[in-house]
Amino acid sequence: MSEPLNRWDPGLYAGRAAFVTAAGQDLVELLAPRAGERVLDVGCGTGELTAAIAARGASVTGLDFSDDMLASARAKQPGLTFVAGDAQDLPASFTGAFDAVFSNAALHWMPRMDDVVAGVARALTPHGRFVAELGGRGNTDTVLRGLRAVLPRLGLEPERFIPWTFPSPAAYATILERHGFRVRFLSHFDRPSRMDGAGGLRAWLTIFSAPLMAALGASGDRRDVFFSLMENACASLRRDDAAGLRWEIDYVRLRFLATLD
């Protein structure tokens, strides 16, 4: 599982999942980076939000698990620092190294939530802040129900191919407080995310389910059957109106600002 999860297509991500970065722009406003601050961007992806933080004058380090994403980030932002790593196991060299830690749309890929928050707490200076958004309870529920119904029909165990953890606000607040954070702001809200065209759901599944795509094979009838079954299972997400044919994936987000007091 770890090897496919480490492989992404940055071009496809930028072309069809740009809404992830766009929705994170106001998360940078919540972070409110200041000139001279040291910021760690956890799950930086292709580095657009890392650059937005740096543009405020902060010294930013982007961290990501995917070599493909990091290669794209370094090509786009050659003046910034990007390092490979797993935020569930931050290195000792990060201890006390940052005034703020930022993360957009990455923490739900990390099932060891306690390890992530403990590592962030160690990485921060006293009174440092942690600003993040991730998928919260209810995120992509329709897609998850579809996967659990469809995959057994193809001889696959659903839980092997559902890598995300979508915590409730109470659960994540408890973890933050356990590791010394004071929760200053927390919001749990719906944000349907648009994937245009008849193939929008297929594109979403291709981008965000690399291990499953590998198990289904690069091409052929099995993958086509899977996509057709998923489109039927998720038909409630399909929209065809004056705004055009699209799929609105049922995103539910958890956004917070917490400080070490």
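Residues numbered from 1 in each chain as written. Predicted model: local features only at pLDDT ≥ 70, side-chain atom pairs only at ≥ 80, totals over all residues. Heavy atoms only, no water.

Q: Please explain the overall build of the protein chain as it appears in this structure.
A: Regarding its fold elements, the protein chain presents twelve helices and ten strands. Expected size for 261 residues packed as a compact globule is a radius of gyration near 18 Å; at 19 Å, the protein chain falls within 12% of this value. In terms of overall dimensions, the protein chain has C-alpha extents of about 55 × 40 × 40 Å along its principal axes. In the protein chain, of all internal contacts separated by at least 6 residues, the share reaching a separation of at least 24 is 75%. Counting only carbon and sulfur atoms, one obtains 52% of the accessible surface of the protein chain, whose full area is about 11100 Å². Put simply, the protein chain has 28 plus and 30 minus side-chain charges, and the middle of one group is 2 Å from the middle of the other. (Helix = DSSP H or I, 4+ residues; strand = E, 2+ residues; numbered from the N terminus. Rg over C-alpha atoms; globule rule 2.2 N^0.38 Å. Contact = heavy atoms within 4.5 Å. Areas by Shrake-Rupley, 256 points an atom, 1.4 Å probe, with all protein chains shown as cover. Lys, Arg positive; Asp, Glu negative; His and termini not counted. Charge placed at Lys NZ, Arg CZ, Asp CG, Glu CD.)

Q: For this particular structure, what's the right way to read the environment of Arg 145?
A: Looking at where Arg 145 falls in the secondary structure, it is placed in helix H8 (residues 141–150). Expressed as a C-alpha distance, the spacing of Arg 145 and Arg 56, which sit 89 residues apart in the sequence, is 41 Å.

Q: What am I meant to see in the nonpolar core here?
A: Taken as a class, soluble globular proteins show a tendency for nonpolar side chains to be buried jointly. Grouped together as the largest cluster of nonpolar side chains are 31 residues, with contacts concentrated most on Val 143, Leu 147 and Phe 226. When residues of this core are traced back to their parent elements, those giving at least two are H8, helix H10 (200–208), helix H11 (210–216), helix H12 (221–233) and strand S9 (244–249). Here the element with the most residues in this core is H10; it accounts for six residues. Leaving out residues up to four positions away in the same chain, Phe 226 has contacts with Leu 147, Val 150, Leu 151, Leu 154, Leu 205, Leu 212, Met 213 and Leu 216. (Core = buried A, V, L, I, M, F, W, Y, C linked by side-chain atoms within 4.5 Å. Buried < 20%, exposed > 50% of the residue type's maximum accessible area, 1.4 Å probe, protein only.)

Q: Would you mind going over the sheet that holds strand S8 (residues 238–241) with me for this structure?
A: Think of a sheet as strands paired side by side through backbone hydrogen bonds, with each pair either parallel or antiparallel. With respect to topology, three strands assemble into an open sheet ordered S7-S9-S8, the strand pairing being antiparallel. Single-partner strands in this sheet number two, and they are strand S7 (193–196) and S8. This sheet shows a mean twist of 35° between the axes of neighbouring strands, independent of strand direction. Sheet topology places S7 next to S9; four bridges connect them, and they run antiparallel. (Pairing = 2+ DSSP bridges. Axes fitted to C-alpha atoms, helices over the stretch in contact; angles between N-to-C directions.)

Q: Sorry if this is basic, but what is going on with the sheet that holds strand S1 (residues 38–42) here?
A: In spatial order, the strands read S3-S2-S1-S4-S5-S10-S6; together these seven strands make up an open sheet with mixed pairing. Of all strands in the sheet, those with a lone pairing partner are strand S3 (81–84) and strand S6 (181–190), marking the two edges. Strand-to-strand twist in this sheet, taken as the mean axis angle between neighbours without regard to direction, amounts to 15°. Sheet topology places S6 next to strand S10 (residues 252–260); nine bridges connect them, and they run antiparallel. In the sheet register, Asp 190 faces S10, and the bridge partner there is Val 252. Seen against the sheet, helix H7 (residues 113–123) touches strand S4 (98–104), strand S5 (124–135), S6 and S10 and runs at an angle of roughly 145° to S5.

Q: Got a minute to help me understand unusual backbone geometry in this structure?
A: Keep in mind that most residues, glycine aside, have a negative phi and that most peptide bonds are trans. Phi is positive for Ala 105, close to 60°, though the residue is something other than glycine. Assignment of secondary structure puts Ala 105 in the loop between S4 and H7. Here Thr 140, not a glycine, exhibits a phi torsion of approximately 50°, which is positive. Mapped onto the elements of the fold, Thr 140 is located in the loop between S5 and H8.

Q: Even after reading the chapter, I still don't get the packing of aromatic side chains, so can you show me in this structure?
A: For any pair of aromatic rings, geometry is given as the distance between the ring centres together with the angle between the planes. Taken as a whole and assessed by the stated rule, the structure comprises ten aromatic pairs. Here Trp 109 and Trp 164 contribute two aromatic rings whose centre-to-centre distance is 5.7 Å and whose plane-to-plane angle is 80°, an arrangement assigned as edge-to-face. Remark: Trp 164 occurs in the loop between H8 and helix H9 (169–178) and Trp 109 occurs in the loop between S4 and H7; sequence separation between them is 55 residues. Ring geometry for Phe 226 and Phe 227: centres 5.6 Å apart, planes at 50°, overall tilted. Here Phe 226 matches Phe 227 in class, with each residue buried. (Phe/Tyr/Trp six-rings, centres within 6.5 Å; stacked < 30°, edge-to-face > 60°.)

Q: Even after reading the chapter, I still don't get the packing of H7 against H9, so can you show me in this structure?
A: Packed helix pairs are specified by the crossing angle of their axes together with the interaxial distance, meaning the distance between the axes. At a minimum axis distance of 9 Å, the contact between H7 and H9 shows a crossing angle of 40°. Taken together, the axes of H7 and H9 lie oblique to each other. Along this stretch, H7 crosses H9, giving a crossing that reads as right-handed. Residues Met 113, Asp 114 and Val 117 of H7 lie in contact with H9, whose contacting residues are Tyr 172, Ile 175, Leu 176 and Arg 178. Taken together, the residues of the contact of H7 with H9 break down into five nonpolar, no polar and two charged. (Parallel < 35°, antiparallel > 145°, perpendicular 65-115°, else oblique. Left-handed = near helix turned anticlockwise from the far one by under 90°. Nonpolar A, V, L, I, M, F, W, Y, C, P; charged D, E, K, R; others polar.)

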